[in-house]
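Chain residues, written in single-letter form:
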Amino acid sequence: PELTLTCPDTVTAACGMDALTQLLESFVSVKASAMTDSLASGALTVLGDSLVPASTTAQDDIELRSRISYAAYISGLTLANAGLGTIHGFASVIGGFFAIPHGVVCGTLLAETTRQIVAALIRTDPAGVALKKYEAAAGFLDPSGPAGSVEQGARRLVSLLEHWTEVMDIPRLGEYGVTRQDIDRIVHATGQKNNPVALPDDQLKEILKKRL
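Now for a description of the structure that goes with this document. The model shown is predicted, which means the values in this text are computed figures rather than measured ones.

### Notes on the layout of surface pockets
Piece 1. One number sums up the size of the largest pocket: a volume of about 200 Å³.
Piece 2. Ranked by residues supplied to the lining of the largest pocket, first place goes to helix α1 (residues 9-28) with seven residues.
Piece 3. Of the residues that constitute the lining of the largest pocket, the class distribution is six nonpolar, six polar and two charged.
Piece 4. Computed from the structure, the second largest pocket encloses a volume of approximately 150 Å³.
Piece 5. Taken together, Thr10, Val11, Ala13, Ala14, Cys15, Pro101, Val104, Met168, Asp169, Ile170, Pro171 and Tyr176 make up the lining of the second largest pocket.
Piece 6. Examining the composition of the lining of the second largest pocket, we find that five residues originate from one element, α1, more than from any other.
Piece 7. Residues of the lining of the second largest pocket, tallied by class, amount to ten nonpolar, one polar and one charged.

### Some points on helix α2 (residues 34-48)
In an α-helix, one turn spans 3.6 residues, which is why side chains three or four residues apart end up on the same side.
Piece 1. A rise of 1.5 Å per residue sets the reference length of α2, with its 15 residues, at 21 Å; its end C-alpha atoms lie 21 Å apart and thus fit the reference within 8%.
Piece 2. Within α2, burial applies to Thr36, Asp37, Ala40, Ser41, Ala43, Leu44, Val46, Leu47 and Gly48.
Piece 3. The inward-facing, buried residues of α2 abut α1, α3 (51-55), α4 (62-82), α7 (129-141) and α8 (150-167).

### Overview of empty space enclosed by the protein
Piece 1. For the structure on display, the rule yields one cavity of 30 Å³ or more.
Piece 2. Considering only enclosed or pocket space, the largest cavity measures out at about 50 Å³ in volume.
Piece 3. Taken together, Leu24, Glu25, Val28, Ile87, Thr114, Ile117, Tyr134 and Asn195 make up the lining of the largest cavity.
Piece 4. Counting residues per element, the ones that place at least two in the lining of the largest cavity are α1 and α6 (102-124).
Piece 5. No other element matches α1, which puts three residues into the lining of the largest cavity.
Piece 6. Grouping the constituent residues of the lining of the largest cavity by class yields five nonpolar, two polar and one charged.

### Re the pattern of salt bridges
Piece 1. This structure, assessed with the given rule, holds ten salt bridges.
Piece 2. With a shortest N-O distance of 3.1 Å, arginine 67 and aspartate 49 are connected by a salt bridge. With arginine 67 in helix α4 and aspartate 49 in the loop between α2 and α3, this pair connects stretches of sequence that are 18 residues apart.
Piece 3. Residue classification places arginine 67 among the partly exposed residues on the basis of a relative accessible area of 25%.
Piece 4. Ionic pairing is found between aspartate 184 and lysine 205, a salt bridge with its closest N-O pair at 3.2 Å. In this pair, aspartate 184 is assigned in helix α9 (residues 183-189) and lysine 205 in helix α10 (residues 201-210), connecting sequence segments 21 residues apart.
Piece 5. Via salt bridges that share partners, Glu112, Arg115, Glu162, Glu206 and Lys210 belong to a single interconnected network.

### A few points about the state of the cysteines
Piece 1. Evaluation of the coordinates by the stated rule reveals zero disulfides.
Piece 2. The closest cysteine sulfur to the non-disulfide-bonded cysteine 7 is located on cysteine 15, 6.7 Å from its own sulfur.
Piece 3. Residue classification places cysteine 7 among the partly exposed residues on the basis of a relative accessible area of 25%.
Piece 4. The structure places no disulfide on cysteine 106, whose sulfur is separated from the nearest cysteine sulfur, that of cysteine 15, by 10 Å.
Piece 5. Its relative accessible area of 0% is what places cysteine 106 among the buried residues.

### Focus: the environment of glycine 16
Piece 1. On the secondary structure map, glycine 16 appears in helix α1.
Piece 2. Put simply, glycine 16 and threonine 114 are 98 residues apart on the chain and 17 Å apart in space, counted from C-alpha to C-alpha.
Piece 3. Ignoring any residue separated from it by four or fewer positions in sequence, one finds glycine 16 in contact with Leu47 and Leu51.

Thresholds applied
As a convention, each chain's residues are numbered from 1 in the sequence order in which they are written. The predicted nature of this model means local features are confined to residues of pLDDT at least 70 and side-chain atom pairs, given and counted, to a pLDDT of 80 or more, with totals for whole chains, interfaces and linings taken over all residues. Remark: hydrogens and water are excluded; side-chain values derive from all non-hydrogen atoms of the structure. A cavity here means a set of 1 Å grid points, computed over protein atoms only, where a 1.4 Å probe fits but cannot escape. A pocket is an open set with protein on both sides within 12 Å along at least 5 of 7 lines, and lining residues have an atom within 4 Å of a point. Grid points are joined across faces, edges and corners, and a volume is the space filled by probe spheres set on the points. Here a helix means four or more residues in a row that DSSP labels H or I, a strand means two or more in a row labelled E, and each is numbered from the N terminus. Amino acids outside the nonpolar list (Ala, Val, Leu, Ile, Met, Phe, Trp, Tyr, Cys, Pro) and the charged list (Asp, Glu, Lys, Arg) are all regarded as polar, and Gly is one of them. Multiplying 1.5 Å by the residue count of a helix minus one yields the expected span of that helix. When accessible area is computed with a 1.4 Å probe and restricted to protein chains, residues below 20% of their type maximum are described as buried, those above 50% as exposed, and intermediate ones as partly exposed. Any two residues whose heavy atoms approach within 4.5 Å at even a single point are treated as in contact. Only one rule defines a salt bridge in this text: a Lys or Arg side-chain nitrogen within 4 Å of an Asp or Glu carboxyl oxygen. The disulfide criterion used throughout: a pair of cysteine sulfur atoms within 2.5 Å.

In structure tokens:
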């Protein structure tokens, strides 16, 4: 963790959001298991109280850096065993087309993609495991948040991710040259991988438009 102390706040935020994306996507993956669920839930809890302060007001705190490093390591274990989802489907394509840091792609798309997935699950599978996991993830990241229904908890996660994206000032895709003219070719090449629900092309396009 000492090696990360001199990282700019932008790098810390992007790498942390990538780890968060990997944990969340593997947690809700259709290939998730009891092992990956256990690892991801613990790491999300560790990351939840560390990422924002380490990227903003407490950049020299080695304990916070240690917690983020642990969570990032665990995210590698969970993705290797449970796979990833739509956000990383986007990231592999966008990273091939543009000179943009991988963590920035994941970080900037995390909240909006999660919003679309949660909305789709509420419509199609409101009693399913995936929506319950999104609710649980909100509690792992922010245990002090209000209790409510599964749907309310999942929506609270989206709000939390939106807030973090804003607080850590995660750049938009447009800052790296992505335009509306690029959206079709990005969506055409994007895979849904192990996502708990397949989003149609129009929703994928809407996600990208929101983060240009």
